[in-house]
Amino acid sequence: MRVMIYFYYTTTITLMQQLERKNAILLGKRIKELRLKTSMSLNTFVMKQGGLTTASWSRLENGKFDAKFSTLVKASAMLNVDICELLRNLPLDYTIVEE
């Protein structure tokens, strides 16, 4: 008889992880806002612009993953905006507080 043992791990989310998640969501909203200005659906936009898959673009818009710099460069090129426009108004202060 096989017995599977499941372990329950509890994790503590650090302040930096909370900020990263918040920023991923804010960045996704910004990217979606810029894409919607093109009046194209997600699928149409990705097919016409190329560079990223529909799945990757969807995860980016929904803040589901932490985008690499190269992905942000591709996204800004696809949207035809400067990368600074993508990052505008994001709270990027990751000051480390020592206790």
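The rules we used
Residues numbered from 1 in each chain as written. Predicted model: local features only at pLDDT ≥ 70, side-chain atom pairs only at ≥ 80, totals over all residues. Heavy atoms only, no water. Phe/Tyr/Trp six-rings, centres within 6.5 Å; stacked < 30°, edge-to-face > 60°. Helix = DSSP H or I, 4+ residues; strand = E, 2+ residues; numbered from the N terminus. Buried < 20%, exposed > 50% of the residue type's maximum accessible area, 1.4 Å probe, protein only. Polar contact = N/O pair within 3.5 Å; in protein donor to acceptor, adjacent residues only side chain to side chain. Contact = heavy atoms within 4.5 Å. Arc of directions from axis to C-beta. Core = buried A, V, L, I, M, F, W, Y, C linked by side-chain atoms within 4.5 Å. Salt bridge = Lys/Arg side-chain N within 4 Å of Asp/Glu carboxyl O.

Engineer: Looking at this model, I keep getting lost on the packing of aromatic side chains. Mind explaining?
Structural biologist: For any two aromatic rings, the description comes down to two numbers: the centre-to-centre distance and the angle of the planes. Applying the stated criterion across every chain, the model contains one aromatic pair. When the ring of Phe45 is compared with that of Trp57, the centres are 5.2 Å apart and the planes differ by 50°; the resulting orientation is tilted. One end of the pair, Phe45, is in helix α2 (residues 42-49); the other, Trp57, is in helix α3 (residues 54-61), with twelve residues separating them in the sequence. Across the pair, Trp57 and Phe45 agree in class, each one buried.

Engineer: Quick question: what am I supposed to make of unusual backbone geometry here?
Structural biologist: Glycine aside, a negative phi is what most residues show, and trans is what most peptide bonds show. With a phi close to 60°, Ser39 is a non-glycine residue in the positive phi region. Structurally, Ser39 can be placed in the loop between α1 (15-36) and α2. Residue Asn80 is not a glycine yet carries a positive backbone phi of 60°. With respect to the helices, strands and loops of the structure, Asn80 is situated in the loop between α4 (69-79) and α5 (83-87).

Engineer: Help me understand the side chain of Ser76 in this model?
Structural biologist: Within the element layout of this structure, Ser76 appears in helix α4. Within the structure, Ser76 has its side chain in polar contact with the backbone oxygen of Val73 (distance 2.9 Å). Non-local contacts of Ser76, meaning those with residues more than four positions away in its chain, are made with Val81, Asp82, Ile83 and Leu86.

Engineer: What's the story with α3 in this structure? I'm lost.
Structural biologist: Note on helix geometry: an α-helix contains 3.6 residues per turn, so any two residues three or four positions apart are oriented the same way. Listing the buried residues of α3 in full gives Ser56, Trp57, Leu60 and Glu61. Along the axis of α3, the buried positions cluster into a sector of 135°, meaning they face one direction only.

Engineer: How do you make sense of the nonpolar core when you look at a structure like this?
Structural biologist: Among soluble globular proteins, nonpolar side chains are generally buried collectively. Core analysis: the biggest nonpolar cluster contains 18 residues, and Leu27, Ile31, Phe45, Trp57, Leu60, Leu79 and Leu86 have the highest contact counts within it. Mapped onto this core, the elements with two or more residues apiece are α1, α2, α3, α4 and α5. Excluding its chain neighbours within four sequence positions, the residues that come into contact with Phe45 are Arg35, Thr38, Met40, Gly50, Trp57, Met78 and Leu79.

Engineer: Sorry if this is basic, but what is going on with the pattern of salt bridges here?
Structural biologist: Note that side chains of opposite charge can pair when their charged atoms are close. Using the criterion set out here, one finds four salt bridges in the structure. A salt bridge links Arg30 to Glu85, with the shortest nitrogen-to-oxygen separation between them at 2.3 Å. Highlighted residues: Arg30 in helix α1 and Glu85 in helix α5, separated in sequence by 55 residues. For Glu85, a relative accessible area of 28% corresponds to the partly exposed category.

Engineer: I would appreciate a short explanation of the environment of Thr44 in the present structure.
Structural biologist: In this fold, Thr44 is placed in helix α2. Spatially, the C-alpha atom of Thr44 lies 9.2 Å from that of Thr54, the residues being ten residues apart in sequence. At 2.9 Å, the side chain of Thr44 and the side chain of Ser41 are in polar contact.

By themselves, these observations are geometric and do not establish any function.
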